[in-house]
Amino acid sequence: MGNFGKLILVPTPIGNLGDITLRAISVLKEADIILAEDTRVSSRLLHHFEIDKKLWVHHKFNEHKAVGSLVSKIQEGNKVILISDAGTPGISDPGFLLVRACIENDIEVECLPGPTALIPALAVSGLPTEKFVFEGFLPQKKGRQTRLIQLSEETRTMVFYESPYRLVKCLSQFTEFFGKARNACVCRELSKMFEEIKRGTVEELAQYYTANPPKGEIVIVVEGVSKEDRKSGKTASDE
Ligand code: SAM
């Protein structure tokens, strides 16, 4: 049998370094090639865990171009690891194109379970977790309104990533498109020293963050529309 390479996606902490898994450390130590989004960010992480490996740059600007040669490297028998700046690669981060190219070339792909921001936010929100939809970042300009109109019909709990600079605008738009009584939860700086979880209606949260401009990284979890409200055609403007 030949020496088969593979692609392994390795999640890294979203803030607290203690969240790295034992398996992530050992897999990183055995890598032939580690692909990282920002080599300065990832070398600090590797240094902390005494992993002495050279990093290759793999980010959204070179991902398209790099995929072909990476597939060849894996086919030559290399164990290639993909990490991102934080959390799980491929989740609002580069990764999908490489995973798809590997699958198309019959290359084994593995993803270690590990840190990601959306799951702790959903679990702590107090909103239904049985069914949910991950929306990642909303479009910043073009297509944003259309997406919000579509999402006003969504019955499942919704999870969004948002920057602190757009949080108030985003919550105000949720008030406008989903109705002011819609429940939500803002999770800021998960796993870090200044972690903050705020629950309330989208209107209350918009008021709170207008008075207390936020810093740091943010996940917003929003309740879906109730089946009754959707059926009766009740919209935000009826409130
Ligand atoms: N791949 C990552 C994951 O698995 O969650 C997401 C990367 S995405 C570029 C970065 C966004 O994730 C941030 O803007 C924020 O919305 C969310 N995020 C990452 N770390 C977070 C944290 N510690 N607390 C809250 N949100 C976080």
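Note that the structure is predicted; figures quoted are calculated from it, not measured. (Residues numbered from 1 in each chain as written. Predicted model: local features only at pLDDT ≥ 70, side-chain atom pairs only at ≥ 80, totals over all residues. Heavy atoms only, no water.)

Draft legend 1. Seen up close, the overall build of the chain. The number of helices and strands found in the chain is nine helices and ten strands. Principal axes of the C-alpha set define a box for the chain whose edges measure 65 × 40 × 30 Å. Going through the 239 residues of the chain one by one, you find that 46% of them count as buried. Partitioning the contacts of the chain with sequence separation of at least 6, the portion at a separation of at least 24 is 72%. About 13,200 Å² of surface is accessible on the chain, with carbon and sulfur atoms providing 52% of the total. With 31 positive and 32 negative side-chain charges, the chain shows a spacing of 3 Å between the two charge centroids. (Helix = DSSP H or I, 4+ residues; strand = E, 2+ residues; numbered from the N terminus. Buried < 20%, exposed > 50% of the residue type's maximum accessible area, 1.4 Å probe, protein only. Contact = heavy atoms within 4.5 Å. Areas by Shrake-Rupley, 256 points an atom, 1.4 Å probe, with all protein chains shown as cover. Lys, Arg positive; Asp, Glu negative; His and termini not counted. Charge placed at Lys NZ, Arg CZ, Asp CG, Glu CD.)

Draft legend 2. The arrangement of the environment of Leu55 in detail. Here Leu55 lies in strand S3 (residues 55-57). The class of Leu55 is buried, set by a relative accessible area of 14%.

Draft legend 3. Seen up close, helix H4 (residues 96-104). Every buried residue of H4 is accounted for by Leu97, Leu98, Val99, Ala101 and Cys102. Looking at the packing, one finds that the buried side of H4 touches strand S1 (6-9), strand S2 (33-36), helix H3 (63-75) and strand S5 (108-111). Among the residues trailing H4, Asp106 stands out with phi positive, at a value near 55°.

Draft legend 4. The arrangement of the site of the ligand in detail. The local shell around the ligand holds 19 residues, among which Ile91, Asp93, Thr116, Tyr161 and Ile218 are the closest. A distance of 2.8 Å is found between a nitrogen atom of the ligand and a side-chain nitrogen or oxygen belonging to Asp93. Backbone polar atom of Ile218 to an oxygen atom of the ligand: 2.6 Å apart, as the coordinates give it. Surface burial for the ligand is 90%, taken as the share of its 580 Å² of free accessible area covered by protein chains. Every element with two or more residues in the shell around the ligand is listed here: strand S7 (157-162) and strand S10 (218-222). A breakdown of the residues in the shell around the ligand according to their chemical character gives ten nonpolar, four polar and five charged. Split by domain, the shell around the ligand shows at least three residues from each of two domains, domain 1 (6-111) and domain 2 (118-238). (Near = heavy atom within 4 Å. Polar contact = N/O pair within 3.5 Å; in protein donor to acceptor, adjacent residues only side chain to side chain. Nonpolar A, V, L, I, M, F, W, Y, C, P; charged D, E, K, R; others polar. Domains from an automatic or database assignment.)

Draft legend 5. Spotlight on the side chain of Glu196. With respect to the secondary-structure elements, Glu196 resides in strand S9 (residues 196-201). Judged by its relative accessible area of 16%, Glu196 is buried. Those residues in contact with Glu196, other than ones at most four positions away along the chain, are Val186, Cys187, Arg188, Tyr208 and Tyr209.

Draft legend 6. A look at the sheet that holds S1. In space, the five strands of this open sheet follow the order S3-S2-S4-S1-S5, with parallel pairing throughout. Each having just a single partner strand, S3 and S5 make up the two edges of the open sheet. Recorded for the sheet is a direction-independent mean angle of 25° between the axes of neighbouring strands. In terms of strand pairing, S1 meets strand S4 (residues 79-82) through four bridges, oriented parallel. Each residue of the ladder has a partner; that of Ile8, found in S4, is Ile81. (Pairing = 2+ DSSP bridges. Axes fitted to C-alpha atoms, helices over the stretch in contact; angles between N-to-C directions.)

Draft legend 7. Quick peek at the packing of helix H7 (residues 167-178) against helix H8 (residues 202-211). The N-to-C vectors of H7 and H8 enclose an angle of 155°; their axes lie 8 Å apart at closest approach. Relative to H8, H7 is oriented roughly antiparallel. For the pair H7 and H8, the sense of crossing is left-handed. Where H7 abuts H8, its residues Leu167, Val168, Leu171, Ser172, Phe174 and Thr175 lie against Val202, Glu203, Leu205, Ala206, Tyr209 and Thr210. Residue composition of the contact of H7 with H8, by class: eight nonpolar, three polar and one charged. (Parallel < 35°, antiparallel > 145°, perpendicular 65-115°, else oblique. Left-handed = near helix turned anticlockwise from the far one by under 90°.)

Draft legend 8. Examining the domain arrangement of the chain more closely. Each assigned domain of the chain is listed with its residue range as follows: domain 1 (6-111) and domain 2 (118-238). Centre-to-centre, using C-alpha coordinates, domain 1 lies 30 Å away from domain 2. With six residues of domain 1 in contact, the opposing surface of domain 2 contributes nine residues. Of the roughly 490 Å² buried where domain 1 meets domain 2, counting both sides, 63% is carbon and sulfur surface. Of all residues in domain 1, Ile14, Ile91 and Ser92 give up the largest surface area on contact with domain 2, accounting jointly for 74% of the area buried on that side. Remark: the boundary between domain 1 and domain 2 carries zero salt bridges. Counting across the domain 1 and domain 2 interface gives one residue pair in polar contact (both at pLDDT 80 or more). Residue composition of the side of domain 1 that touches domain 2, by class: two nonpolar, three polar and one charged. (Buried area = accessible area lost by both parts, 1.4 Å probe. Salt bridge = Lys/Arg side-chain N within 4 Å of Asp/Glu carboxyl O.)

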